Each structure stands twice: as structure tokens, then as C-alpha cells.
Amino acid sequence: MSSLHDKVIISCALTGAVTTKRHCPAIPYTPVEIAEEAQRAYDAGAAIVHIHARTDAGAPTWDVDVFERIKAEVEARCPVLINFSTGGAGPMQSRVAHIALAPAIAALNMGSMNYAKWSRRKGDFAFKFVFENSFDDIVSFARAMAEAGVKPEMECFDTGHVASHTVLAKLGLIAAPYHFSFIMGVLGGIPATARHLAFQAANVPTDARWKVIGISREQWPLCMSALGLGGDIRVGLEDNFYLPSGDMATSNGALVEAAAGMVRLSGREVASVADTRQILWPNHDGKEAPAPAQEPA
């Protein structure tokens, strides 16, 4: 039997903000659809679901009322831990108000980068833009999360992003054990290889928790690498539509089921929600430590 800290936390990114049902019919839009997918993911073994909000027509939205409805619908169906996105275009002030709803976790992008996808077939960019995350914004997001008792999931797209957590630690805005995600496979960020993943993992504090987020078909090889390196994994329709067989997934639950199978094949065990609370919040009864009354001198 695995020790608690050797168990694998499976996260599932349910919907994202860019792809549509035209790309994959299983992508959920409405609060009810998102909550139903959250339950499927939870039933298959996910302890955390990562959520972007959308309008009923599928467009991305930062409307707090929509996030509130999603949270209520998910909580009515299952006890999975909710992780709200904060990442996207536009000023951070439009992407922070929903953190006051106090999800267990919220994504915190840790640096700026060129963010692109190259189409070999077209010989041109499928898209390209500058993904801007200034230190002012990073600190402001972290402060909002600390005030709401929300644990930041520090999303790192490149090697320099990992070290940015030291600023937040010195300001007293994050509490150990720190929670990192390594997003790999985006053009402009760190390449999606096992060697690069091992380098990222070597740069976090020894008591930190980290997971890999592989984009598109790189997801499964990177999940296997993370399991061997002692990390956690994320799957879901935001990142990848396809099962290891190459078939398109019919639900987020199908992707989580495949991930859970990989965990068992690796000789490790899937962490339950209760396990995950103990791992991420060992000293605070499953909740983030309260924000300090003032910044340390």
C-alpha cells in the first residue's frame, strides 16, 4: 500500500476557454453540463477539477454569477475539490472577483511568455500572442487568494516561472506545501519531454507538490513520466481530446479513467479527495492557512 504522499492526485480540466463542441462534442458549456462532467471525473478518480466559466453559447466569461452557479451545481453532485481558473487575456481586475467565492484552489500563472501553436500542415502559426503575467498581477492574484483562503496552484510554463514563487513566499502570500503545475508543450514555453519535466521537478522545494499538464497528444507520455518521477497528473478536455488509444474521448470521465489506469500500472495509488486535503493542507484541517494580518517586514 502506498504512503499518503506517494499517492497520485489526479486533476481534471473540464472545459477550457478556447475549444468548442465543434472540436469535441463532449466539451461542456453550461453550469449544469460542467457539473455533470465534474461528477464523471470525480467518479473516475479525480480529486480536483479545474474550471473555466463559459456562457451557455460556449464563449468564455468571467461573470461571477456564472462561477457561482457552477460551484453550486458541482457541490450539489460530488465533493470534488474545485479549482477556478484566473488565466486569460485582459486586465487582471476582470479575472479576480470570482476568487471571493472561495474555491479550494485557484490557478495562478507565474510568468509572461510567447504563447503559440505552429501548424506544420499550414506552415504558419495556428495562433500566437503574448501571455502577459506581470509581477504586479501575480502578487495581486496571490493576495486575493490568500484573503479568500484559497490555495494557489502555481502554473509554470517555463523554467524561470518556478523561481517566482520565492517572492510570494517572502510576502507571506503562500503557505507550504506549495502547489505547482508544469504546463508543457506550448510553443514559447518549455518543451514537452521527460528530460525537461525532470529538470522542472528538481527546481521545486522538496516538500512541494507538483503535477504535469501535457498539451494535446503529449499528455499521455508526460503523465507516464510524471508518475515515474513522483509527481501528480492532470488530464481533461481542456488539454487533450484523445484517449491513449487515439480515440476521441466521450467525456472527461473517460480521460480520468485512463489516467487512473496508468497510476495503477505505475505501482502507485490514486489519491481520494480526503487524501488530497491531507496532502495539500496538512496543518489546517483541509483548508488554506489564513492570510497574514500584514506583510512581514
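The following refers to the structure shown. What you see is a predicted model, and the numbers here were worked out from it, not measured in a lab. (Residues numbered from 1 in each chain as written. Predicted model: local features only at pLDDT ≥ 70, side-chain atom pairs only at ≥ 80, totals over all residues. Heavy atoms only, no water.)

## Considering the packing of helix α7 (residues 219–229) against helix α8 (residues 252–265)
Short version of the rule: Interaxial angles span 0 to 180 degrees and are taken between N-to-C directions of axes, which are lines fitted to C-alpha atoms, for helices over the stretch in contact. Comment: elements are numbered from the N terminus, with helices defined as DSSP H or I runs of at least four residues and strands as E runs of at least two. For a crossing to be left-handed, the near helix must be turned anticlockwise from the far one by less than a right angle; the clockwise case is right-handed. A contact between two residues is defined here by any heavy atoms of the two lying within 4.5 Å.
Direction vectors running N to C along α7 and α8 enclose 35°, while the axes themselves pass 10 Å from each other. Handedness of the α7/α8 crossing: right-handed. Here Trp220, Cys223, Met224 and Leu227 of α7 come into contact with α8, specifically with Leu255, Ala258, Ala259, Met262 and Val263.

## Focus on the nonpolar core
Stated precisely, the cut-off is as follows: We call a set of buried Ala, Val, Leu, Ile, Met, Phe, Trp, Tyr and Cys residues a nonpolar core when their side-chain atoms join them within 4.5 Å. The rule is simple: take the accessible area with a 1.4 Å probe, protein chains only, and divide by the maximum for that residue type; under 20% is buried, over 50% is exposed, in between is partly exposed.
Formed by 74 residues in total, the largest nonpolar core has its most connected members in Ile51, Val74, Leu108, Leu168, Phe180, Phe182 and Ile233. Once you skip the residues sitting within four places of it in the chain, Phe182 turns out to touch Cys156, Val162, Leu197, Gln200, Ala201, Val204, Trp210, Lys211, Val212 and Ile213. In this structure, Ile48, Leu81, Ile105 and Trp281 belong to the second largest nonpolar core, which totals eleven residues.

## Overview of the packing of aromatic side chains
For clarity, the cut-off: To pair, rings of Phe, Tyr and Trp, with the six-membered ring standing in for Trp, must have centres within 6.5 Å; the planes then decide the type, stacked if under 30 degrees apart, edge-to-face if over 60, and tilted in the middle. For a ring to carry a charge above it, either NZ of a lysine or CZ of an arginine must fall within 6 Å of the ring centroid while also lying within 35 degrees of the normal to the ring plane.
Considering all chains together, one arrives at eleven aromatic pairs under this definition. Ring geometry for Tyr115 and Phe129: centres 5.1 Å apart, planes at 20°, overall stacked. A residue pair is termed long-range when its members are at least 10 positions apart, and Tyr115 in strand β5 (residues 113–119) and Phe129 in strand β6 (residues 124–131) qualify at 14 residues. Measuring from ring centre to ring centre gives 5.7 Å for Phe131 and Phe157, while their planes differ by 80°; the resulting arrangement is edge-to-face. With Phe131 in strand β6 and Phe157 in the loop between β7 (151–156) and α4 (159–163), this pair connects stretches of sequence that are 26 residues apart. Residue class for Phe131 comes out buried when judged on its relative accessible area of 8%. Overall, the relative accessible area of 4% leaves Phe157 in the buried class. For the cation-ring pair, Lys21 lies above Tyr29, with the distance from its terminal atom to the ring centre recorded as 4.7 Å.

## Section: the pattern of salt bridges
Selection rule: Just to be clear on terms, a salt bridge is a Lys or Arg side-chain nitrogen sitting within 4 Å of an Asp or Glu carboxyl oxygen.
Tallying each qualifying case throughout the model produces eleven salt bridges. Here Arg77 makes a salt bridge to Glu73, at a shortest N to O gap of 2.6 Å. Residue Arg77 and its partner Glu73 are both found in helix α2 (residues 64–77); the two are separated by four residues, about one turn of the helix. A relative accessible area of 28% means that Arg77 is categorised as partly exposed. Arg234 is the partner of Asp239 in a salt bridge, and the nearest nitrogen-oxygen pair spans 2.8 Å. Here the residues in one salt-bridge network are Glu155, Arg234, Glu238 and Asp239, joined through shared partners.

## Let's talk about the pairing of strand β8 (residues 179–184)
Spelled out, the test is: Criterion used throughout: strands pair if DSSP finds at least two bridges between them. Seen with the strands pointing away from the viewer, any crossover whose path from the first strand over the helix to the second strand runs clockwise is right-handed.
Most of β8 sits out of view: six of its six residues are buried. Here β8 shows a buried face lined by His179, Ser181 and Ile183 and a second buried face lined by Phe180, Phe182 and Met184. Here six bridges tie β8 to strand β9 (residues 209–214), and the two strands are oriented parallel to one another. Its bridge partner lying in β9, Ser181 is registered against Lys211. Since β8 and β9 lie parallel, the crossover through helix α6 (residues 194–202) that links them has a hand, and here it is right-handed.

## Considering α8
Let me state the cut-off plainly: Any helix carries an expected span of 1.5 Å times its number of residues minus one. Think of a polar contact as two N or O atoms within 3.5 Å of one another; within protein, one of them needs to be a possible hydrogen donor and the other a possible acceptor, and neighboring residues in sequence only count if both atoms come from side chains.
Given a rise of 1.5 Å per residue, 14 residues ought to cover 20 Å, and the 20 Å separating the end C-alpha atoms of α8 matches this to within 8%. Looking only at α8, the buried set comprises Asn252, Gly253, Ala254, Leu255, Val256, Ala259, Ala260, Met262 and Val263. For α8, the side-chain oxygen to backbone nitrogen distance between the N-cap and Gly253 is 3.2 Å, and the N-cap itself is Ser251. A positive phi of about 90° marks Gly267, the residue just after α8.

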